[in-house]
Amino acid sequence: LGQSLARRGRAPQVWWTGSYSLVLTKACVLHRRHLRAYADPTSPVLAAARARVDAHRNCEDLLMAFVVANRTRAPPVWVRAPYVDRGQNVLGLGSHAGISAGAGHVETRSACLDAFAELFGGMPLVTGHDKVVDARAAWLW
């Protein structure tokens, strides 16, 4: 691993080939057993991974992807759905660029991927191509 996301050249891969290996947790659906696995107090691997998440206040979505992929050995499925994040306005916080706008964000997340892969003994993320869309709104599918 040991390369940044930018050097890995993965970002364009999603758009050009339709392949991906994780779905961000901001708007995801998963079984509650994966939430329990994420919080498993008996797993030293997950305890170390959660400590990294807590220390950096980042990468919890990546860790969840690792947990689910490690348990299922299956790729995620992208479900196309309308989504608007109104959380900042509802909380009265106004406009906010988010954590991804911060300096060093890509490097931090790349380091998380490397650390998690080391803790898990390899890269459990599985590349997939599946996409669920509303056929009524899609001309080509």
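Our structure's up above, just so we're on the same page.
Let me sum up the structure you'll find in this document. (Residues numbered from 1 in each chain as written. Predicted model: local features only at pLDDT ≥ 70, side-chain atom pairs only at ≥ 80, totals over all residues. Heavy atoms only, no water.)

What to know about the overall build of the protein chain
Scanning the protein chain from N- to C-terminus turns up 7 helices and 2 strands. For the protein chain, the N- to C-terminal ordering of α and β elements is α-α-α-α-α-β-α-α-β. The buried share of the protein chain, reckoned over its 141 residues, is 24%. Pairs at least 24 residues apart make up 82% of the contacts formed inside the protein chain by residues separated by at least 6 positions. Within the structure as shown, the protein chain displays about 10,000 Å² of accessible surface, and the carbon and sulfur contribution to it stands at 57%. (Helix = DSSP H or I, 4+ residues; strand = E, 2+ residues; numbered from the N terminus. Buried < 20%, exposed > 50% of the residue type's maximum accessible area, 1.4 Å probe, protein only. Contact = heavy atoms within 4.5 Å. Areas by Shrake-Rupley, 256 points an atom, 1.4 Å probe, with all protein chains shown as cover.)

Digging into a nonpolar patch on the surface
On the surface, Val77, Val79 and Val132 cluster together to form a nonpolar patch covering roughly 230 Å² of accessible area. Relative to the helices and strands, valine 77 is located in the loop between α5 (60-72) and β1 (78-79). (Patch = residues over 30% accessible without salt bridge, like charges linked within 9 Å, V, L, I, M, F, W, Y side chains within 5 Å. Salt bridge = Lys/Arg side-chain N within 4 Å of Asp/Glu carboxyl O.)

Looking at the packing of aromatic side chains
According to the stated counting rule, one finds 2 aromatic pairs in the structure shown. Relative to phenylalanine 116, the ring of phenylalanine 66 has its centre 5.7 Å away and its plane inclined at 70°; by these criteria the two rings are edge-to-face. Here phenylalanine 66, found in helix α5, pairs with phenylalanine 116, found in helix α7 (residues 105-120); they are 50 residues apart in sequence, far enough to count as distant. The buried category is assigned to phenylalanine 116, whose relative accessible area is 0%. In textbook terms, an aromatic cluster arises when at least three aromatic residues are bridged by ring pairs, as seen for Phe66, Phe116 and Phe120. (Phe/Tyr/Trp six-rings, centres within 6.5 Å; stacked < 30°, edge-to-face > 60°.)

Some points on the state of the cysteines
A full pass over the atoms with the stated rule returns 1 disulfide. Between cysteine 59 and cysteine 112 runs a disulfide, and the two sulfur atoms are separated by 2.1 Å. Measuring handedness by torsion sign, the sulfur bridge of cysteine 59 and cysteine 112 sits at about 85° and is right-handed. A residue pair is termed long-range when its members are at least 10 positions apart, and cysteine 59 in the loop between α4 (44-56) and α5 and cysteine 112 in helix α7 qualify at 53 residues. Classification of cysteine 59 by relative accessible area gives buried; the value is 0%. A residue is classified by how much of its surface remains accessible, and cysteine 112, at 0% relative accessible area, is buried. (Disulfide = S-S within 2.5 Å.)

Let's talk about α7
For α7, spanning 16 residues, the distance from its first C-alpha to its last is 22 Å, which sits close to the expected 22 Å at 1.5 Å a residue. One or two residues past the end of α7 sits glycine 121, with phi positive at roughly 80°. (Expected span 1.5 Å × (residues − 1).)

Some remarks on the packing of α4 against α5
Helix packing for two helices is described by the angle between their axes and how far apart those axes are. Closest axis-to-axis distance for the α4/α5 pair is 9 Å, and the angle between their directions is 160°. With respect to α5, the axis of α4 lies roughly antiparallel. Considering how the two elements wind past one another, α4 and α5 form a crossing that is right-handed. On α5, the residues that touch Leu46, Ala49, Arg50 and Val53 of α4 are Glu60, Leu63 and Val67. Looking at side-chain class alone, the contact of α4 with α5 contains 5 nonpolar, no polar and 2 charged residues. (Axes fitted to C-alpha atoms, helices over the stretch in contact; angles between N-to-C directions. Parallel < 35°, antiparallel > 145°, perpendicular 65-115°, else oblique. Left-handed = near helix turned anticlockwise from the far one by under 90°. Nonpolar A, V, L, I, M, F, W, Y, C, P; charged D, E, K, R; others polar.)

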